Amino acid sequence: MISATDTLYAIAPAPVHSLPIQGERARFPVNRIFCVGRNYSEHAREMGHNPDREPPFFFMKPASAIVADGGEFAYPTLSNDVHHEIELVVALKTGGSNIAATDALSHVYGYAVGLDMTRRDLQGEAKKMGRPWDTGKAFDGSAPCGELVPVTKAGHPAAGEIRLEVNGAQRQVGDLADMIWNVPDTIAYLSTLFMLQPGDLIFTGTPAGVAAVQRGDRMRGTVAGVGALEVVVV
């Protein structure tokens, strides 16, 4: 048997993408990024959909889409309508399938503030044509994310303000309690679709107020009890 240290690769393996952890030298390795669509009633309405509770749906971003707090979000190509979506991010320390909602929070390592950046024009075209959203959601740099705050420090925030300012002006504001699917229910449902793994992130949806950004804009997002994220559009 060939050990991991003896493995030869035809090309250099992709780097491990990771997030800083508040108060720790160690970093959190990011595996997959799952995102919940339309998980706040007012945002569902502003996007023209019925906010009544229905089974959640998910899309994904690559781990390489992470942009660190204090970093730069490069305005993507082939789009003239890029939107911000402020979100609470859940980081998993353990995984599994068919996780019970009552056990779901035991799988959480910590929480962070994130942005689901969206090429809205490309997403809209994909919707009209019945195609996947990858070009609108999974592009390079589309997942800015702040440092992780472990559960030992943050607890499990279920209520509290979630907010985004652009150039000091409020764009989005809501409350975590307004989620249609809360964190335990989201983890439980997602685990029926995928075998969740350590290092997975879940972006839990955004409140109303999504809007376009331009080069030079400074985005600052906060989640009560979790922290802040600041990114500049370049």
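Before any of the text, the structure's been laid out above.
Not measured: the values here are computed from a predicted model. (Residues numbered from 1 in each chain as written. Predicted model: local features only at pLDDT ≥ 70, side-chain atom pairs only at ≥ 80, totals over all residues. Heavy atoms only, no water.)

### Considerations on helix 2 (residues 120–129)
For an α-helix, 3.6 residues make a turn, and residues three or four places apart therefore share a direction. Using the following cut-off: Three labels apply to residues, based on accessible area from a 1.4 Å probe with only protein chains included: buried if under 20% of the type maximum, exposed if over 50%, partly exposed otherwise in between. Per the convention used, a helix needs a DSSP run of H or I reaching at least four residues, while a strand needs a run of E reaching at least two, with both numbered from the N terminus. In this description, the arc belongs to the directions extending from the helix axis to the C-beta atoms. The contact definition used throughout considers only heavy atoms, calling two residues in contact when any of these lie within 4.5 Å.
For helix 2, the full list of buried residues reads Arg120, Leu122, Gln123 and Ala126. Projected down its long axis, helix 2 shows its buried positions confined to an angular sector of 160°, all on one face. Across from the buried face of helix 2, at angles greater than 90 degrees, the exposed residues are Lys128 and Met129. The inward-facing, buried residues of helix 2 contact strand 7 (82–83), strand 10 (118–119) and helix 3 (134–137).

### What to know about the pairing of strand 13 (residues 161–166)
In summary, the side chains of a regular strand alternate between the two faces of the sheet. Our working definition: A pair of strands is treated as paired once DSSP finds two or more bridges between them.
Burial along strand 13 is one-sided: Ile162, Leu164 and Val166 are buried, while Glu161, Arg163 and Glu165, pointing the other way, are not. The pairing of strand 13 with strand 14 (residues 169–175) spans six bridges and is classified as antiparallel. Each residue of the ladder has a partner; that of Leu164, found in strand 14, is Gln172. Linking two consecutive strands that pair antiparallel, namely strand 13 and strand 14, is a turn of two residues; a positive phi of about 55° is found at Asn167 within it. Taken together, the five bridges between strand 13 and strand 16 (residues 218–223) define a ladder with antiparallel strand orientation.

### Topic: the nonpolar core
Filter applied, for reference: For the purposes of this section, nonpolar cores are sets of buried Ala, Val, Leu, Ile, Met, Phe, Trp, Tyr and Cys residues that join through side-chain atoms within 4.5 Å.
Judged by nonpolar contacts, the single largest core of 39 residues is most densely connected at Leu88, Val90, Met117, Ile187 and Met219. Elements with a contribution of two residues or more to this core: strand 3 (33–36), strand 8 (86–92), strand 9 (108–115), strand 13, helix 5 (183–193), strand 16 and strand 17 (227–233).

### Description of a nonpolar patch on the surface
We apply this condition: In this scheme, patches are assembled from residues that exceed 30% relative accessible area and form no salt bridge. Like charges are connected within 9 Å, while nonpolar side chains (Val, Leu, Ile, Met, Phe, Trp, Tyr) are connected within 5 Å. Computed with the Shrake-Rupley method and a 1.4 Å probe, the accessible areas treat only the protein chains shown as cover for residues. What makes a salt bridge here is a side-chain nitrogen of Lys or Arg within 4 Å of a carboxyl oxygen of Asp or Glu, nothing more.
Where nonpolar side chains cluster on the molecular surface, the patch consists of Met60, Leu193 and Phe194 and spans about 250 Å² of accessible area. Leu193 gets classed as partly exposed once you look at its relative accessible area, which sits at 48%.

### Thoughts on the pairing of strand 8
Counted residue by residue, strand 8 has seven buried out of seven residues, so it is predominantly covered. Residue alternation in strand 8 divides its side chains into two sets, Ile86, Leu88, Val90 and Leu92 and Glu87, Val89 and Ala91, and both sets are buried. Across seven bridges, strand 8 lies against strand 9 in antiparallel orientation. Bridge pairing in strand 9 places Ala91 opposite Gly110. The pairing of strand 8 with strand 15 (residues 201–203) spans three bridges and is classified as antiparallel.

### Here's the deal with unusual backbone geometry
Although it is not a glycine, Arg38 sits at a positive phi angle of roughly 45°. Following the sequence through the fold, Arg38 ends up in the loop between strand 3 and helix 1 (41–46). Phi is positive for Asn98, close to 50°, though the residue is something other than glycine. Mapped onto the elements, Asn98 comes out in the loop between strand 8 and strand 9. What makes Asn98 exposed here is its relative accessible area of 59%.

### Quick look at the sheet that holds strand 14
Through backbone hydrogen bonds, the strands of a sheet pair up, either in parallel or in antiparallel fashion. Read from one edge of the open sheet, five strands run 6-17-16-13-14, paired in mixed fashion. Whereas interior strands pair on both sides, the edge strands pair on one side only; in this sheet they are strand 6 (72–73) and strand 14.

### A look at the packing of aromatic side chains
Cut-off, in case you're wondering: Centres within 6.5 Å make a pair out of two Phe, Tyr or Trp rings, where for Trp the six-membered ring is used; the pair is then stacked when the planes are under 30 degrees apart, edge-to-face when over 60, and tilted otherwise.
A complete count under the given rule lists six aromatic pairs for this structure. Aromatic side chains Phe57 and Trp133 sit 5.7 Å apart centroid to centroid with 85° between the ring planes, which places their arrangement in the edge-to-face category. Of this pair, Phe57 sits in the loop between helix 1 and strand 4 (58–61) while Trp133 is found in the loop between helix 2 and helix 3, placing the two residues 76 residues apart along the sequence. A centroid spacing of 5.7 Å and a plane angle of 45° characterise the contact between Phe59 and Trp133, whose relative ring orientation is tilted. Taken together, the positions of Phe59 in strand 4 and Trp133 in the loop between helix 2 and helix 3 put the pair 74 residues apart, joining distant regions of the chain. Here the two residues Phe59 and Trp133 agree in accessibility, since each one is buried. Every member of this aromatic cluster is reached through a ring pair, and the members are Phe57, Phe59 and Trp133.

### Brief notes about the pattern of salt bridges
In the structure shown here, the tally under the stated rule is nine salt bridges. Here Asp200 ties to Arg32 by a salt bridge, and the two come within 2.8 Å at their closest N and O atoms. Placement of Asp200 in the loop between helix 5 and strand 15 and of Arg32 in the loop between strand 2 (27–29) and strand 3 is noted, with a sequence separation of 168 residues between them. Overall, Arg32 belongs to the buried group, its relative accessible area being 19%.

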